[in-house]
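# Structural overview for review
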Amino acid sequence: MTHLLEVNDLHAYYGPTHVLSGIHFSLNKGGITTILGANGAGKTTTLRALCGMVTTKGQISLDGRRIDGSACEEIVRMGVAHVPEGRGTFAALTTEENLKLGAVTRRDKHGVTQDLEHMYSLFPRLKERRKQQAGTLSGGEQQMLAVARALMLRPNLLLLDEPSFGLAPLIVAELFEILGRINREDGVSMLLVEQNAELALDLASHAYLLETGKVVLSGSAEEIQEHDQVRRTYLGY
Amino acid sequence: MDLFLQLVLSGLATGCIYACLALAVVTIHTTSGQVNFAQGEMAMFSAYIAWSLIDLGLPYWLAFILTLAVSFLGAAMIQIFLLRPMAQASILSHVIVFLGLFTIFNSTAGWIWSFTIKPFPSPFPEGSVMGLIGFHELGVLGVVLVLLAAVYAFLNFTPVGLAMRAAAENPTSARLVGIRVGRMLALGWGLAAVMGAAAGMMIAPVVYLEPNMMAGILLYGFAAAVVGGIDSPAGAVAGGILVGVIENLAGAYLPFIGNELKLSTALLVIVIVLLVKPSGLFGRTAVNRV
Amino acid sequence: MSHLCIDKVVVRFGGIVALDGVSFEVPEGEIVGLIGPNGAGKTTLFNCLSRLYQVHGGDITYNGRSILSLPPHRMTEIGIGRTFQNLALFHNMTVRDNILAGGHPASRGGFIGNALRLPGSRREERRLHEKADRLMEELDLTAVANEGVGELPFGTRKRLEIARALMSDPKLLLLDEPAGGLNHDEVDELAERIHGLRDERALTVLLVEHHMGLVMRVSDRVVVLSFGRKLAEGTPDEIRQHPEVIEAYLGKAG
Ligand SMILES: Nc1ncnc2c1ncn2[C@@H]1O[C@H](COP(=O)(O)OP(=O)(O)OP(=O)(O)O)[C@@H](O)[C@H]1O
Ligand SMILES: Nc1ncnc2c1ncn2[C@@H]1O[C@H](COP(=O)(O)OP(=O)(O)OP(=O)(O)O)[C@@H](O)[C@H]1O
Ligand SMILES: [Mg+2]
Ligand SMILES: [Mg+2]
């Protein structure tokens, strides 16, 4: 299999704070990889680094093209969608406008309309709230919106920062089923950060463990699942 | 009663011009958080360009449209080449740049076209409708309303308008959906300049063309923007019309105000509105939930 | 004393009925879990309890007195503290200052005393600082005491929210999704912390959470909301097996 994403010696900084200190990893085309790590390990920063939201050093290649140093919006236009930490809702706009913005770079009008209806069928709650100001949606409703908005791009690569955040158990189960289906049927590759390690390792084929800005463990999801430290800290058995 | 109606109608017409300018100020403020003090001078400069085009023999409406286009491009250039490089600079640096723009436009206009007052043609015939409202004022009303409707439709019914609102509200998220936020800022400047140019060309026949013609009018525009709520386009328009009508009525009915104190009345209105409703008449209070 | 009674509370937003006659009680010393699908009205209820939303019907009493006539800033005084689902911290302030801000309503120095820096108010200030230090110790925040909140990872901010709420010495603590963004270990820690708060500080807790492991483990009783109505109420075991709750909320996995 070829690599969709390759990251070499990646460093990331917030001003003078050095947060990622030289991480390496790769993601197979059509694969799902998950990044585990404690609070503050740098998971969110890694996703931000991939789509140009923080200052970085090192190499990032997407489909063989170097994207480090490119502007965030240009990386997104190459088909990288991001469900950000904190959801990034356009609070003053309506639910539907938020969804349309997910597809604002697409030119196939017809496909966008279809996808909009598709999102409404995946998340019926959003349909009921389509004309509501998105800032007044409940926490979980805004999270569904963040995921649906990212899917509206029809991405090649989906960066998911805790997609289950604030969702009810039933919806979490549905969401992971949806993600699995999108990966299988549309071949969307995914990089997943998720506190529910059990779900994440179930969905993913590869996993990395991040500790204070360094990759300390990597392997297939099964291998990682068997690892003692991972079991204790992230799986709890 | 006739006098009252007359005052209200002509107040509406000038109010529409204030509304244009207010909307220009609000557009730039919502997209970039900055207040463009040079908006009025840019409008004045546009009016001079129109005058030159007409002077060259172009028909009025062709000159009008060309002026809008040139103003759009010029302002977008200013945003791209002057403001974009200093995006990270402090608020104070921006204030200085805007004041700099103000003097540059003012003195360049004086240098090119001289400081002597020039008459500016109105595309509308002389005379009035039943003595109530002049054809020029009626025309101004029409032109401005068409322009405002176009801007409204652009912002609300086109994908680019949606992208622009998104970029104004949350630039980080806007980038995350692939919006080129920098271009949206330039677009905002262009739109603002178009509205300013229209206001300049519509008011020039009344106040005559000279480099300082917009000074007072920009103040009314600011007043309108603040009264309406500095981040609300609808508020800017309502505020502009309100300020125009109040100014006219107060000038006529309150004898101690007269022409000299009209501007102070407008400012008094601002203060009162802000005391009662600090976010302006249409201002939103933040909608984010806890 | 701490006894909260929610009685047929109704809240509407335009056509949407967010709460539709919800009633339940939170007796002294209990930890009550409040769960339900997204948009069921849990946060709305919290916002009624801290008087941020207007109630359109029914009543809410705390220790026998209706709170509906009290202004929001009085809620900490009568002993109701809360954390926020979407984190309402002061981003440009340090951790310590955020916690100190939580202590403000209870401080006794008075405005004039503070302004004149009278000995009494200085003593009061010292007391507040000591208390903040203790809370930071208790919630593992000492190491980041002087860092800006904008730079903290999410889980740390959640602990900070709890510390700030505790600054006003509440009797009833409302927690809105405290486990969001925490990993397994950290949730374990949180569970212990919530039990500790109840036992050591004699707190009563109303807990909104989607993390079933946490809710079922710490709650004495669980109330389930769905579409603005109470769907069920009972012990964690009863709720886990409740067919309608499984259908509407837990799913097969629950
Ligand atoms: N804006 C910022 N400025 C300075 N430092 C930051 C900023 N954002 C994050 N950091 C620091 O970078 C480190 C990594 O943060 P990051 O958000 O990537 O962690 P995370 O693994 O996503 O944690 P969590 O599980 O809490 O989401 C943390 O130590 C944090 O304090
Ligand atoms: N200001 C508002 N205007 C319109 N609708 C609102 C407003 N506030 C809340 N709602 C709606 O009321 C419902 C209840 O919202 P609430 O935030 O209480 O849900 P919740 O139970 O806390 O959900 P979650 O688990 O997702 O946080 C939601 O469907 C939301 O869209
Ligand atoms: Mg994170
Ligand atoms: Mg909620």
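Just so we're clear, the structure is a prediction, and the values are computed from it rather than from any experiment. (Residues numbered from 1 in each chain as written. Chains lettered and ligands numbered in written order. Predicted model: local features only at pLDDT ≥ 70, side-chain atom pairs only at ≥ 80, totals over all residues. Heavy atoms only, no water.)

### A short note on the coordination of the magnesium ion (ligand 3)
Metal coordination angles in their ideal form are 109.5 degrees for the four-donor tetrahedron and 90 or 180 degrees for the six-donor octahedron. Residue and element names in this part refer to chain A. Bound to the magnesium ion (ligand 3) on the protein side are Thr44 (OG1) and Glu85 (OE), at distances that span 1.9 to 2.2 Å. With Thr44 in helix 1 (residues 43-50) and Glu85 in the loop between strand 6 (80-83) and helix 3 (95-102), the pair connects residues that are 41 residues apart, well separated along the chain. Using a relative accessible area of 30% as the deciding quantity, one classes Glu85 as partly exposed. (Donors = N, O, S within 2.8 Å, 3.2 Å for Na, K, Ca; no water. Helix = DSSP H or I, 4+ residues; strand = E, 2+ residues; numbered from the N terminus. Buried < 20%, exposed > 50% of the residue type's maximum accessible area, 1.4 Å probe, protein only.)

### Some details on empty space enclosed by the protein
Summary: where empty space remains is shown by rolling a probe the size of a single water molecule over the atoms. Tallying each qualifying case throughout the model produces 4 cavities of 30 Å³ or more. Each pocket or cavity is described by its volume, and for the largest cavity that value is around 60 Å³. As for the largest cavity, its lining consists of Val76(A), Ala81(A), His82(A), Gly102(A), Arg149(A), Ala150(A), Leu153(A), Leu176(B) and Val177(B). Secondary-structure elements contributing two or more residues to the lining of the largest cavity are strand 6 and helix 6 (139-151) of chain A. Across the lining of the largest cavity, the residue classes tally to 6 nonpolar, 2 polar and 1 charged. (1 Å grid on protein atoms, 1.4 Å probe; cavity = no way out; pocket = protein on both sides within 12 Å on 5 of 7 lines; lining within 4 Å. Points joined across faces, edges and corners; volume = space filled by probe spheres on them. Nonpolar A, V, L, I, M, F, W, Y, C, P; charged D, E, K, R; others polar.)

### Concerning helix 7 (residues 169-186) of chain A
Residue and element names in this part refer to chain A. The end-to-end C-alpha distance of helix 7 is 25 Å, a good match for the 26 Å that 18 residues give at a rise of 1.5 Å each. Residues of helix 7 that are buried: Pro169, Ile171, Val172, Leu175, Phe176, Ile178, Leu179, Gly180, Ile182 and Asn183. Phi turns positive, to about 65°, at Gly187, one or two residues after helix 7. (Expected span 1.5 Å × (residues − 1).)

### Description of the site of ligand 1
Contacts to ligand 1 come from 18 residues, most closely from Gly40(A), Lys43(A), Thr44(A), Thr45(A) and Glu151(C). Mapping the residues adjacent to ligand 1 onto the chains of the assembly identifies chains A and C. The contact in question runs from an oxygen atom of ligand 1 to an N or O atom on the side chain of Asn39(A), over 3.0 Å. The separation between an oxygen atom of ligand 1 and a polar side-chain atom of Glu85(A) is 2.9 Å. Here ligand 1 loses 85% of its free accessible area of 640 Å² to cover by the protein chains. Within the residue set of the shell around ligand 1, elements represented by two or more residues are helix 1 of chain A together with helix 5 (154-166) of chain C. Here the shell around ligand 1 gets 3 residues from one element, more than from any other, and that element is helix 1 of chain A. The residue inventory of the shell around ligand 1, partitioned by class, reads 6 nonpolar, 8 polar and 4 charged. (Near = heavy atom within 4 Å. Polar contact = N/O pair within 3.5 Å; in protein donor to acceptor, adjacent residues only side chain to side chain. Areas by Shrake-Rupley, 256 points an atom, 1.4 Å probe, with all protein chains shown as cover.)

### Things to note about the packing of aromatic side chains
Residues and elements named next belong to chain B. According to the stated counting rule, one finds 14 aromatic pairs over all chains in the structure shown. Among the aromatic side chains, those forming a connected cluster through ring pairs are Phe45, Tyr48, Phe105 and Trp113. Of note, Lys118 hangs over the ring of Trp51, and the distance from its end group to the ring centre comes to 5.0 Å. (Phe/Tyr/Trp six-rings, centres within 6.5 Å; stacked < 30°, edge-to-face > 60°. Lys NZ or Arg CZ within 6 Å of the ring centre and 35° of its normal.)

### Examining the packing of helix 2 (residues 95-103) of chain C against helix 5 of chain C
Residue and element names in this part refer to chain C. For the pair helix 2 and helix 5, interaxial distance at closest approach is 7 Å and the crossing angle is 35°. As for the relative orientation of helix 2 and helix 5, their crossing is right-handed in sense. Of the residues in helix 5, those in contact with Val95, Asn98, Ile99 and Gly102 of helix 2 are Leu160, Ala163 and Arg164. Across the contact of helix 2 with helix 5, the residue classes tally to 4 nonpolar, 2 polar and 1 charged. (Axes fitted to C-alpha atoms, helices over the stretch in contact; angles between N-to-C directions. Left-handed = near helix turned anticlockwise from the far one by under 90°. Contact = heavy atoms within 4.5 Å.)

### Here's the deal with the interface of chain B and chain A
Where interface size is quoted, it is often the accessible area lost as the parts come together. Contacts between the two partners involve 21 residues from chain B and, on the opposite side, 27 residues from chain A. Carbon and sulfur atoms make up 61% of the area that chain B and chain A hide from each other, which totals about 2100 Å². Salt-bridge contacts for Glu73(A) lead to Arg175(B); the nearest nitrogen and oxygen are separated by 3.5 Å. Taken together, the connections running from chain B to chain A amount to 7 residue pairs in polar contact (both at pLDDT 80 or more). Going through the elements one at a time, helix 6 (159-169) and helix 7 (171-176) of chain B are the ones with two or more residues in the side of chain B that touches chain A. Sorting elements by how many residues they give to the side of chain B that touches chain A places helix 6 of chain B first, with 6 residues. The residue inventory of the side of chain B that touches chain A, partitioned by class, reads 10 nonpolar, 5 polar and 6 charged. (Buried area = accessible area lost by both parts, 1.4 Å probe. Salt bridge = Lys/Arg side-chain N within 4 Å of Asp/Glu carboxyl O.)

### A closer look at the sheet that holds strand 2 (residues 16-26) of chain C
Backbone-to-backbone hydrogen bonds pair the strands of a sheet. The strands run either parallel or antiparallel. All names here are of chain C. On the basis of which strands lie adjacent, the open sheet formed by 4 strands has the order 2-1-4-5 and antiparallel pairing. Unpaired on one side and paired on the other, strand 2 and strand 5 (65-66) mark the two borders of the sheet. In terms of strand pairing, strand 4 (residues 57-62) meets strand 5 through 2 bridges, oriented antiparallel. The residue of strand 5 that forms the bridge with Thr61 is Ser66. (Pairing = 2+ DSSP bridges.)

### Some remarks on the pairing of strand 2 of chain C
All names here are of chain C. Where strand 1 (residues 4-13) lies against strand 2, 8 bridges are found, and the strand directions are antiparallel. Within strand 2, the residue paired with Ile6 across the bridge is Phe24. Here strand 1 hands over to strand 2 after 2 residues, with Gly14 in that stretch at a positive phi of 55°.

### Section: the domain arrangement of chain A
Residues and elements named next belong to chain A. What the domain assignment lists for chain A is domain 1 (3-79 + 155-235) and domain 2 (88-154). Taking the mean C-alpha position of each, domain 1 and domain 2 sit 23 Å from one another. In this complex, domain 1 contributes 16 residues to the contact, which on the side of domain 2 involves 11 residues. A combined buried area of about 1200 Å² lies between domain 1 and domain 2, and 76% of that area is made up of carbon and sulfur atoms. Inspection of the region where domain 1 meets domain 2 yields 0 salt bridges. Counting the contacts that link domain 1 with domain 2 gives 1 residue pair in polar contact (both at pLDDT 80 or more). For the side of domain 1 that touches domain 2, the elements supplying multiple residues, two or more each, are helix 2 (72-77) and helix 7. Looking at side-chain class alone, the side of domain 1 that touches domain 2 contains 10 nonpolar, 3 polar and 3 charged residues. (Domains from an automatic or database assignment.)

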